[in-house]
Amino acid sequence: MKKELNIIPDFLKGKYNEYKDYTKHYAKSFYFSSFALPKEKRNAAYAVYAFCRYADNITDISKYESPEFLESKINYLLETLDEVYKHANDGSKFISDFTLTVKKYDIPKAFFRELVEGVASDIHKKVYYNFEELDVYCYKVASVVGLIMTKIMGYSNEVALEHAVHLGKAMQLTNILRDIADDYSMGRIYLPKEELDKFGYTENDIKYKIIDERFYAMMKFQINRAREFYRLAEKGINYLPNDGSRSTVKMMSKIYSGILGEIENSNYDIYSKRHYVSTFSKVMMTMKIFADKRSSKGKVPLNSDSKPAVNLEG
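Positions within a chain are numbered from 1, following the residues in the order the chain's sequence is written. Where local features are concerned, this predicted model is filtered to residues with pLDDT of at least 70; where side-chain atom pairs are given and counted, the filter is 80 or more; whole-chain, interface and lining totals use all residues. Processing note: side-chain calculations cover all non-hydrogen atoms of the structure and skip hydrogens and water entirely.

1. Some words on empty space enclosed by the protein
Vacant regions in the atomic arrangement are exposed by a probe of water-molecule size rolled over the atoms.
And then number 1: Here a cavity denotes a set of grid points, spaced 1 Å apart and computed over the protein atoms alone, in which a 1.4 Å probe fits but from which it cannot get out, and a pocket denotes an open set meeting protein on both sides within 12 Å along at least five of seven lines; residues with an atom within 4 Å of a point are reported as lining. Grid points are joined across faces, edges and corners, and a volume is the space filled by probe spheres set on the points. Evaluation of the coordinates by the stated rule reveals one cavity of 30 Å³ or more.
And then number 2: What the largest cavity holds in volume is close to 50 Å³.
And then number 3: What lines the largest cavity is simply Ile176, Ile180, Asp183, Tyr184, Arg188, Ile189, Tyr190, Leu191 and Ile206.
And then number 4: With three residues, the top contributor of residues to the lining of the largest cavity is helix 9 (residues 180-185). A helix here means a DSSP run of H or I that spans at least four residues, while a strand means a run of E at least two residues long, and both kinds are numbered starting from the N terminus.

2. Observations concerning unusual backbone geometry
And then number 1: A positive phi angle, close to 50°, is found at Asp106, a residue other than glycine.
And then number 2: Among the structural elements, Asp106 can be located in the loop between helix 5 (97-104) and helix 6 (109-120).
And then number 3: Each residue gets one of three labels from its accessible area relative to the maximum for its type: buried under 20%, exposed over 50%, partly exposed in between, using a 1.4 Å probe on protein chains only. Relative accessible area serves as the criterion here: at 54%, Asp106 is assigned to the exposed category.
And then number 4: Of note in the backbone geometry, Tyr268 takes a positive phi value of approximately 65° without being a glycine.

3. Examining the pattern of salt bridges
And then number 1: What counts as a salt bridge is simple: a side-chain nitrogen of Lys or Arg found within 4 Å of a carboxyl oxygen of Asp or Glu. For the structure on display, the rule yields 18 salt bridges.
And then number 2: Across the salt bridge formed by Lys109 and Asp82, the nearest N and O atoms sit 3.0 Å from each other. Taken together, the positions of Lys109 in helix 6 and Asp82 in helix 4 (residues 67-89) put the pair 27 residues apart, joining distant regions of the chain.
And then number 3: The partner of Arg214 in a salt bridge is Asp212, with the nearest N and O atoms 2.6 Å apart.
And then number 4: Given the relative accessible area of 22%, Asp212 is considered partly exposed.
And then number 5: In the salt-bridge network here, residues are joined through shared partners; they are Asp60, Asp122 and Arg188.

4. Considerations on the nonpolar core
And then number 1: Nonpolar core, defined: a set of buried Ala, Val, Leu, Ile, Met, Phe, Trp, Tyr and Cys residues in which side-chain atoms within 4.5 Å join the residues together. By size, the foremost hydrophobic cluster in this structure holds 92 residues, and its most contacted members are Phe11, Phe51, Phe98, Ile107, Phe112, Leu134 and Met219.
And then number 2: Excluding residues that lie within four positions of it along the chain, Phe112 makes contacts with Val48, Phe51, Leu81, Tyr85, Phe98, Val102, Ile107 and Ile148. Contacts are residue-level and defined by heavy atoms, with any inter-residue pair within 4.5 Å sufficient.

5. Some details on the packing of aromatic side chains
And then number 1: What counts as a ring pair is set by centres within 6.5 Å for rings of Phe, Tyr and Trp (its six-membered ring), and what kind of pair is set by the plane angle: stacked under 30 degrees, edge-to-face over 60, tilted for all other angles. What the rule picks out here adds up to 16 aromatic pairs.
And then number 2: Summarising the aromatic geometry, the rings of Tyr16 and Tyr19 are spaced 6.4 Å apart at their centres and angled 75° between planes, so their arrangement reads as edge-to-face. Of this pair, Tyr16 and Tyr19 both sit in helix 1 (residues 16-26), separated by three residues, roughly a single helical turn.
And then number 3: The class of Tyr16 is partly exposed, set by a relative accessible area of 22%.
And then number 4: The rule is short: NZ of Lys or CZ of Arg within 6 Å of the ring centre and within 35 degrees of the ring normal puts a charge over the ring. One cation-aromatic arrangement involves Lys104 over Tyr105; the distance from NZ or CZ to the ring centre is 5.6 Å.
And then number 5: The aromatic ring of Phe32 is capped on one face by Lys282, whose charged end is 5.9 Å from the ring centroid.

See the structure below:
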């Protein structure tokens, strides 16, 4: 577990430099990709990300703290959120850059509450029985972050929001596949039980880190589904402004989907190490994205074509 920063944002007093430091510490891929954003949007994204990550970190210490203590921290965060929106809406002087951000970009409080509700479910829910349950979880803890970021970036058509939902799910599914062992150490199994049963892979197999033909088949199925969500998400990028917002989202999508490739290249061994995309690979991806940008006219697609090519639910 990463050491907790001393600069944990007090969202009623925080400034953009605090949120930037928090993001840099906990989200290297997003921090790397964010350089393409205009400064104003970049600062807003740091403020939002800091809140989201702080909420997630509360339940990541659940292995060491009682459920009652974690619930009290979640409730305090929700009370803080209420205070933020009270100050954002009552015309009083703003006292944090996070408050300025939610006001300026008209971000619904419901998005943040859904995120907190999603991460809070980790306190008690340890098993997901089917993909429908997991899909709701992925929406709350990841897709709503995409919706918030889309509000900050701006969009020319509301269909962009639909595709932001897809990207959030793709990234969360990638996290789940990368972190199977770490999550199990905290008593959580996100892989749907129905799907584990389908491939004959058990909780005991996760416990003893068994890699065999059952595991290969299960991982291939999971990776294919995640990639389908990335494919759907890509259709929404051209609805974002061409001020660096498109490039940032493309980089995030490429870097995160690249983790799936790293898992495949290791023969699906997610138990012996945590997979990531190297800095060199990130730079190469970035160079290609900007080269493509220079050669592209950036036309908005004629339609969203959001029908999936494969069955996402298995």
